[in-house]
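Structure at a glance
This is what each chain is made of:
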Amino acid sequence: MRMRGSLHVVLVLTVLLGFSSLSNARVLDKVEIKVRVNVPVIQQLEIIEPVAVSFSYPWAGAENGQPLIFHDVGDVLVRSNADWSMAIDSTASSGFRVCVRPSGERFAQWVPANGLTSLYGSQGMSNLSWDVRIEPPQSTEVAAGHQTVRFSLTIGHM
């Protein structure tokens, strides 16, 4: 029995001495490795619901210059591993001025959907839809009737 107790004491002392010698250990050398990885820009534009509006011209108030406004038009998913810009263009009949702003942002500025103006976003996933404003034509040469405005979207990285 006494031997077992002595064995435990010897084991405990050996462990304690081993740990104390570890605290005296010195770093012999350091190495630093730098790795550079170039990840290509990957962007995906998925049209869940087409971005298009249909209306009849003239609408109520068009003769007074009142625009026709549509809310929450289209549903587009952007996946990108880089910040992006998107050009939005409309296929409106001549005479109509078409502007857009992000849906749900009542105080956002209306921008012309003429392919020259870009909207911007950051990397990650973004679900987009737009409010669309159609202004009545300045001339009376636009024929009355049913009109459809479709939008084309072009995405690129910044």
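Reading guide: rules and limits
Residues numbered from 1 in each chain as written. Predicted model: local features only at pLDDT ≥ 70, side-chain atom pairs only at ≥ 80, totals over all residues. Heavy atoms only, no water. Pairing = 2+ DSSP bridges. Helix = DSSP H or I, 4+ residues; strand = E, 2+ residues; numbered from the N terminus. Core = buried A, V, L, I, M, F, W, Y, C linked by side-chain atoms within 4.5 Å. Buried < 20%, exposed > 50% of the residue type's maximum accessible area, 1.4 Å probe, protein only. Contact = heavy atoms within 4.5 Å.

**Observations concerning the sheet that holds strand β1 (residues 43-49)**
In space, the 5 strands of this open sheet follow the order β1-β3-β8-β5-β6, with antiparallel pairing throughout. Every other strand in the sheet has two partners, leaving β1 and β6 (111-112) as the edge strands with one partner each. Bridge count for strand β5 (residues 97-102) against strand β8 (residues 124-135) is 6 bridges, and the pairing is antiparallel. When the bridges of β8 are listed, Val 98 appears paired with Ile 134.

**A word on the nonpolar core**
Considering soluble globular proteins, one finds that nonpolar side chains tend to be buried as a cluster. Ranked by size, the top nonpolar core spans 26 residues in total, and within it Trp 130, Ile 134 and Phe 151 carry the most contacts. Counting residues per element, the ones that place at least two in this core are β2 (52-57), β3 (68-80), β4 (84-90), β5, β8 and β9 (145-157). Here the element with the most residues in this core is β3; it accounts for 4 residues. When sequence neighbours within four positions are dropped, the list of residues in contact with Phe 151 reads Val 51, Ala 52, Ile 88, Asp 89, Ser 90, Val 98, Val 100, Ala 113 and Val 132.

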